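The primary structure of each chain is shown beneath.
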Amino acid sequence: MHLKLADVSAHERYKLLIGLVIPRPIAWISTWSANGVANCAPFSFFNVFSEDPPLCVIGINPRSDGAMKHSLKNIRRTGEFVVNLVDETTANAMHVSSKEFPETVSEFEQTGLTTAPAVLVQHPRIAEAAASFECRLYQLLEISGTRQLVLGEMLLVHAREGVIDPQSKRISEEHYRPIGRLFADRYCTTRQRFNLPGDLPA
Ligand SMILES: Cc1cc2nc3c(=O)[nH]c(=O)nc-3n(C[C@H](O)[C@H](O)[C@H](O)COP(=O)(O)O)c2cc1C
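The rules we used
Residues numbered from 1 in each chain as written. Predicted model: local features only at pLDDT ≥ 70, side-chain atom pairs only at ≥ 80, totals over all residues. Heavy atoms only, no water. Disulfide = S-S within 2.5 Å. Buried < 20%, exposed > 50% of the residue type's maximum accessible area, 1.4 Å probe, protein only. Helix = DSSP H or I, 4+ residues; strand = E, 2+ residues; numbered from the N terminus. Polar contact = N/O pair within 3.5 Å; in protein donor to acceptor, adjacent residues only side chain to side chain. Contact = heavy atoms within 4.5 Å. 1 Å grid on protein atoms, 1.4 Å probe; cavity = no way out; pocket = protein on both sides within 12 Å on 5 of 7 lines; lining within 4 Å. Points joined across faces, edges and corners; volume = space filled by probe spheres on them. Near = heavy atom within 4 Å. Sits in = over half its atoms within 2 Å of the grid points. Core = buried A, V, L, I, M, F, W, Y, C linked by side-chain atoms within 4.5 Å. Salt bridge = Lys/Arg side-chain N within 4 Å of Asp/Glu carboxyl O.

To continue, consider the state of the cysteines. Enumeration according to the criterion identifies zero disulfides in this entry. With no disulfide of its own, C40 has C135 as its nearest cysteine by sulfur position, at a separation of 15 Å. The class for C40 is buried, based on a relative accessible area of 0%. Distance from the sulfur of C135, which forms no disulfide, to the nearest cysteine sulfur (C56) is 4.3 Å.

In structure tokens, the structure reads:
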């Protein structure tokens, strides 16, 4: 079968896109709100698109009541944010932190997470995360009234002990077990991996 995406509703397009383009990595964004409350939320319209400069992109839509998501508000206010990466040990906290809490409620407190200071940006990182990137807003693309693309320049990476080999900078498959977003409340692990033969350029 084939479907013209312009001929289906936005909700059906959403189902097609998030059901087919899987698994997606998750940017677990942490920020301070203007009222000093530590905020975090997951975003799976996310990936990295360049290493020189190191850029990530995150797609953000409004909250269910039409208001701007707190993460976006905080990014717009400060031009900075932290992208934390989610592994098996933090999956549940990430999922719970996606609830639409009011701005006075911290997802850190709701999930038992701990804030840790960043080095170059004013926002907190998630101490329990396997890895975190401190980011500076590179560009904000206002695609429509309901869709904004945040381009972030990744400035500094934190990683849990053992995740990055200090000499080779390789990532340990044993110590880093990221999860991926499928759709709705479904996720996958990255446990089953395989090699394909051949010396191909990266
Ligand atoms: C795994 C997962 C991925 C999500 N991805 C996105 C996304 O890419 N864009 C988006 O706008 N919301 C996404 N959400 C919903 C936000 O996490 C949710 O609206 C959250 O309450 C926003 O919090 P905030 O207002 O504190 O920023 C996702 C939720 C989950 C559970």
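Further remarks concern the side chain of T78. Within the element layout of this structure, T78 appears in helix 2 (residues 70–78). Take T78: its relative accessible area is 18%, and that puts it in the buried class. Engagement of the side chain of T78 in a polar contact is seen with the backbone oxygen of N74, the distance being 2.7 Å. Leaving out residues up to four positions away in the same chain, T78 has contacts with Q122 and H123.

Moving on, we come to the layout of surface pockets. Taking a probe equal in size to a water molecule and rolling it over the atoms shows the remaining empty space. The calculated volume of the largest pocket comes to roughly 620 Å³. In terms of lining, the largest pocket is formed by 30 residues, of which the most central are P42, F43, N61, K69 and S98. Elements with a minimum of two residues in the lining of the largest pocket: helix 1 (10–20), strand 2 (38–43), strand 4 (54–60), helix 2 and helix 3 (91–96). If one sorts the elements of the lining of the largest pocket by residue count, strand 2 sits on top with four residues.

Let's shift gears to the environment of N195. Looking at the element boundaries, N195 is found in the segment after strand 11 (187–189). Sequence separation between N195 and T78 is 117 residues, and the spatial gap between their C-alpha atoms is 42 Å.

In the vicinity of the ligand, 19 residues are found, and the nearest of them are P42, N61, R63, S71 and S98. Contacts to the ligand include G59, whose backbone N or O atom sits 2.9 Å from a nitrogen atom. Within the side chain of S71, an N or O atom sits 2.6 Å from an oxygen atom of the ligand. Taken atom by atom, the bulk of the ligand overlaps the largest pocket. Contributions of two or more residues to the shell around the ligand are made by strand 2, strand 4 and helix 2.

Membership of the largest hydrophobic core comes to 20 residues, with the highest contact counts inside it found for I29, F46, C56, I58, F81, V83 and V150. Contributions of two or more residues to this core are made by strand 1 (27–32), strand 2, strand 4, helix 2, strand 5 (80–85), strand 8 (131–144) and strand 9 (147–159). Core analysis: the second largest hydrophobic core is formed by 13 residues, W28, A38, A91 and A93 among them.

On inspection of all chains with the given rule, the structure shows six salt bridges. Across the pair E103 and K73 runs a salt bridge, and its minimum N-O distance is 3.1 Å. Here E103 is found in the loop between helix 3 and helix 4 (107–111), whereas its partner K73 is found in helix 2, with 30 residues between them in sequence. Judged by relative accessible area, which is 37%, K73 ranks as partly exposed. Salt-bridge contacts for E88 lead to R191; the nearest nitrogen and oxygen are separated by 2.7 Å. Residue E88 is located in the loop between strand 5 and helix 3, and its partner R191 is located in the segment after strand 11; the two are separated by 103 residues in the primary sequence. A relative accessible area of 27% places E88 in the partly exposed class.

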